Amino acid sequence: MAMTNNMHDLQPPNVWAHFATLCAIPRSSLHEAALREHLIARAQARGISAVVDGVGNLILKKPASPGYESKPGVILQGHLDMVCQVNAGTVHDFERDPIRTVVRDGWLIAEDTTLGADNGIGVALALAALEEPGLIHSALEVLLTINEESGMDGARGLVSGTLSGKTLINLDTEEWGHFYLGCAGGVDVEVSHDCAQEEIPPDHTILRFDVSGLRGGHSGIDIHLGRGNAIKLLAEALRDLLAHTDMRLLELNGGTARNAIPREAFAVCALPVEAASNIDEWVEHRHEAWRRRFAETDAKVTFAYKQDDMPVGKAVHQAERDRLLTFIDIAANGVTQMSDAFPGVVDTSVNLGVVTLAQGVFRATFKVRSLHDVRADALADKLVAHAAGYGLHAWKDGAYPGWTPNPSSALLALCQQVYSREFGQPANLQVIHAGLECGLLAASHPQLDMISFGPDIRGAHAPGERVEIASVGYCWRLLKAVLEALATRE
């Protein structure tokens with residue numbers, strides 16, 4: 001399969017060859033089958049065992065190097081799917097089109113879409129390890145899960161006893177030079193409501209308001225950076241507009257994934273003709289206020305309007321409109337607590353990721369995360385109660401446990417020794433506010449000693465996602481050294 005752009009020039013070539021394949025075969029959440037079948041065929045052609053479990057996870061197995069058969073097996077783990085985000089105005093079908101990449105200033109970048117380095121680079125590292133000639137290792141299992149990004153279904157459905165290894169290296173973190181030994185758990189909050197509707201007054205005209213230009217990002221890794229949430233900004237603006245004129249709300253749409261900070265949102269509204277003809281000054285005032293407010297984090301924020309030629313339908317009832325906009329505007333969003341145990345690390349947060357309102361049907365999805373499962377659950381309960389206070393139906397869904405740090409881990413000690421030997425300095429230790437699958441894997445396989453590391457990836461879950469090329473080479477060097485050390489340790 002042809003590589004994308006200049007990846008054939010990158011080092012190490014075996015890792016980048018696998019990543020080029022992942023860029024060429026679409027792999028959005030719930031649509032990993034084509035990639036999985038390709039990897040099965042490739043593995044079988046090389047004498048590597050390939051098994052698909054009952055939920056769709058791919059498990060590849062390779063016997064130990066000669067002489068190391070008695071050593072405990074090692075599991076390398078990543079997920080097949082990627083978050084699919086595209087800039088407005090860019091035509092890209094994530095179920096058909098390959099990811100387009102460029103190399104710039106030492107980084108591999110997808111300029112107008114997500115790149116899928118999260119977690120494609122981790123998958124590529126694991127696949128390269130399976131095929132590396134002369135690599136010394138104990139029995140290898142590579143677990144490639146499905147639908148991690150939208151539900152962790154693969155890890156959630158993994159049956160106890162499926163894996164035989166005793167140590168697991170997760171390759172799904174995004175800061176080189178750091179070993180991760182814990183992560184946040186999470187739970188979704190879903191909100192729904194069927195709104196009463198009413199006719200639009202005859203002296204009203206239809207306008208569409210758009211919030212765009214925001215950076216977005218990963219709702220775990222980037223939640224503390226103070227970036228704008230397009231849905232929240234739009235609700236804030238519409239509530240302000242209501243203070244000036246009789247605005248009727250027909251549609252509202254923002255965000256595409258619960259675990260991505262929304263970059264764009266729009267609303268279709270009906271305004272009195274006179275108010276609509278004088279709307280420019282109000283729009284510019286809101287726009288300028290946001291430019292000042294987000295000058296350091298989202299300087300390209302844009303607020304615009306246009307006449308809408310959509311067929312005129314009904315608006316939500318005014319009382320419903322007020323409740324919905326107030327609920328969205330004041331609902332918790334962002335960091336709610338920092339960690340006491342890990343300075344600078346977010347403990348608990350929430351992201352309002354998706355909102356839709358069309359033909360009177362309202363839906364919203366929040367992603368709650370915490371290093372403490374009880375805190376995630378408590379915050380989710382507050383969101384459910386907040387929704388109920390506005391007459392909306394809400395419920396918790398998709399909970400998954402965090403990964404509790406184990407500072408006395410034997411695997412961690414070995415990895416620290418190897419890192420210091422290979423790179424001449426100690427590695428940093430971290431916990432991550434994003435959700436890794438390690439907590440779920442520990443639930444089904446409690447015998448596992450686990451660690452996570454990865455290259456430098458920036459902008460995951462947003463267009464412009466990039467991975468530092470040199471750090472991928474460092475990860476490959478470290479992975480090979482750690483596998484050999486695990487096989488040869490007494």
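Residues numbered from 1 in each chain as written. Predicted model: local features only at pLDDT ≥ 70, side-chain atom pairs only at ≥ 80, totals over all residues. Heavy atoms only, no water.

Engineer: Tell me about the overall build of the chain, and name the residues and values.
Structural biologist: Looking only at helices and strands, the chain features 13 helices and 25 strands. The C-alpha radius of gyration computed for the chain amounts to 24 Å, which stays within 12% of the reference 23 Å derived for 490 residues, consistent with globular compactness. Across the 490 residues of the chain, 57% fall into the buried class. Sequence separation of 24 or more characterises 80% of the internal contacts of the chain that already satisfy a separation of 6 or more. The chain carries 41 positive and 61 negative side-chain charges, and their two centres are separated by 3 Å. (Helix = DSSP H or I, 4+ residues; strand = E, 2+ residues; numbered from the N terminus. Rg over C-alpha atoms; globule rule 2.2 N^0.38 Å. Buried < 20%, exposed > 50% of the residue type's maximum accessible area, 1.4 Å probe, protein only. Contact = heavy atoms within 4.5 Å. Lys, Arg positive; Asp, Glu negative; His and termini not counted. Charge placed at Lys NZ, Arg CZ, Asp CG, Glu CD.)

Engineer: Mind laying out the layout of surface pockets, listing which residues take part and the relevant values?
Structural biologist: Regions of empty space are outlined by a rolling probe, equal in size to a water molecule, passed over the atoms. In this structure, the largest pocket spans a volume of roughly 840 Å³. Forming the boundary of the largest pocket are 37 residues, of which Ile221, Asp222, Leu225, Arg227 and Gly459 lie nearest the centre. Sort the elements by how many residues they give to the lining of the largest pocket and strand β22 (residues 428–432) lands first, with three residues. For the lining of the largest pocket, the per-class residue count stands at 15 nonpolar, 13 polar and nine charged. (1 Å grid on protein atoms, 1.4 Å probe; cavity = no way out; pocket = protein on both sides within 12 Å on 5 of 7 lines; lining within 4 Å. Points joined across faces, edges and corners; volume = space filled by probe spheres on them. Nonpolar A, V, L, I, M, F, W, Y, C, P; charged D, E, K, R; others polar.)

Engineer: With reference to specific residues and values, describe the packing of aromatic side chains.
Structural biologist: Following the criterion strictly, the structure yields 15 aromatic pairs and no others. The interplanar angle of 45 degrees and the centroid separation of 5.5 Å between the aromatic rings of tryptophan 176 and tyrosine 419 together place this pair among those described as tilted. Pair noted here: tryptophan 176 is in the loop between β7 (167–170) and β8 (178–183) and tyrosine 419 is in helix α11 (residues 410–423), with a separation of 243 residues, a long-range link. Tyrosine 419 carries the same exposure label as tryptophan 176, and that label is buried. (Phe/Tyr/Trp six-rings, centres within 6.5 Å; stacked < 30°, edge-to-face > 60°.)

Engineer: Give me the lowdown on empty space enclosed by the protein, citing residues and values where you can.
Structural biologist: If you walk through the whole model with that rule in mind, you get four cavities of 30 Å³ or more. Of the voids in this model, the largest cavity is the one considered here, and its volume is about 150 Å³. As for the largest cavity, its lining consists of 19 residues, of which Glu148, Glu149, His218, Arg369 and Gly435 are closest to the centre. Here the residues of the lining of the largest cavity sort into six nonpolar, five polar and eight charged. The computed volume of the second largest cavity comes to approximately 60 Å³. Going through the elements one at a time, α2 (33–45) and α3 (117–131) are the ones with two or more residues in the lining of the second largest cavity.

Engineer: Please give an account of the nonpolar core that cites residues and values.
Structural biologist: Judged by nonpolar contacts, the single largest core of 69 residues is most densely connected at Trp16, Phe19, Ile169 and Leu479. Tallying contributions element by element places helix α13 (residues 469–488) first for this core, with 11 residues. Those residues within four positions of tryptophan 16 in sequence are excluded, and the remaining contacts are Met7, Leu10, Gln11, Leu108, Ile121, Val467, Ile469 and Val472. (Core = buried A, V, L, I, M, F, W, Y, C linked by side-chain atoms within 4.5 Å.)

Engineer: Before we move on, can you summarise helix α8 (residues 280–293) with the specific residues and values?
Structural biologist: Here α8 spans 20 Å end to end across 14 residues, near enough to the 20 Å set by a 1.5 Å rise per residue. Listing the buried residues of α8 in full gives Trp282, Val283, Arg286, His287 and Trp290. The buried residues of α8 occupy an angular sector of 130 degrees when the element is viewed end-on, so they sit on one face. For α8, exposure combined with an orientation more than 90 degrees from the buried face picks out Glu281, His285 and Arg292. The inward-facing, buried residues of α8 abut β11 (204–212), α6 (230–242) and β16 (302–307). (Expected span 1.5 Å × (residues − 1). Arc of directions from axis to C-beta.)

Engineer: Describe the side chain of glutamine 77, naming the residues involved and giving the relevant values.
Structural biologist: Residue position: glutamine 77 is located in strand β3 (residues 74–79). For glutamine 77, a relative accessible area of 1% puts it in the buried group. At 2.6 Å, the side chain of glutamine 77 and the side chain of asparagine 170 are in polar contact. Within the structure, glutamine 77 has its side chain in polar contact with the side chain of glutamate 437 (distance 2.6 Å). Apart from residues lying up to four places away in sequence, glutamine 77 is in contact with Leu143, Thr145, Leu168, Ile169, Asn170, Leu171, Glu437 and Leu441. (Polar contact = N/O pair within 3.5 Å; in protein donor to acceptor, adjacent residues only side chain to side chain.)

Engineer: So what about the pattern of salt bridges? Which residues, and what values?
Structural biologist: Tallying each qualifying case throughout the model produces 28 salt bridges. Salt-bridge contacts for glutamate 131 lead to arginine 46; the nearest nitrogen and oxygen are separated by 3.8 Å. Placement of the pair is glutamate 131 in helix α3 and arginine 46 in the loop between α2 and β1 (49–52), with a sequence separation of 85 residues. Using a relative accessible area of 27% as the deciding quantity, one classes glutamate 131 as partly exposed. Given a relative accessible area of 43%, arginine 46 falls into the partly exposed group. Across the pair lysine 396 and aspartate 381 runs a salt bridge whose closest N-O atoms are separated by 2.8 Å. (Salt bridge = Lys/Arg side-chain N within 4 Å of Asp/Glu carboxyl O.)

Engineer: Explain the environment of threonine 302 to me, using residue names and the numbers behind them.
Structural biologist: One can find threonine 302 in strand β16. For threonine 302, a relative accessible area of 30% corresponds to the partly exposed category. Distance in space between the C-alpha atoms of threonine 302 and alanine 230 is 9.9 Å, their sequence separation being 72 residues. If near-sequence neighbours (up to four positions away) are discounted, threonine 302 is found in contact with Asp210, Val211, Ser212 and His287. A polar side-chain atom of threonine 302 sits 3.2 Å from the main-chain carbonyl oxygen of lysine 300.

Engineer: Describe the packing of helix α1 (residues 13–24) against α3, listing the residues and the values that go with them.
Structural biologist: Axis separation between α1 and α3 bottoms out at 8 Å; the angle between their running directions is 130 degrees. For the element pair α1 / α3, the angle class is oblique. α1 and α3 meet at a crossing whose hand is right-handed. Two secondary-structure elements touch here, α1 through Asn14, Val15, Trp16, His18, Phe19 and Leu22 and α3 through Ala117, Gly120, Ile121, Val123, Ala124, Leu125, Leu127, Ala128 and Glu131. Taken together, the residues of the contact of α1 with α3 break down into 11 nonpolar, three polar and one charged. (Axes fitted to C-alpha atoms, helices over the stretch in contact; angles between N-to-C directions. Parallel < 35°, antiparallel > 145°, perpendicular 65-115°, else oblique. Left-handed = near helix turned anticlockwise from the far one by under 90°.)

Engineer: A description of the sheet that holds strand β24 (residues 457–458) should follow, citing residues and the corresponding values.
Structural biologist: Pairing within the open sheet is antiparallel, and its four strands lie in the order β4-β5-β25-β24. Looking at which strands have only one partner, the edges of the open sheet turn out to be β4 (102–104) and β24. Pairing between β4 and strand β5 (residues 107–109): three bridges, direction antiparallel. Looking at the pairing, arginine 104 lines up with tryptophan 107 of β5. (Pairing = 2+ DSSP bridges.)

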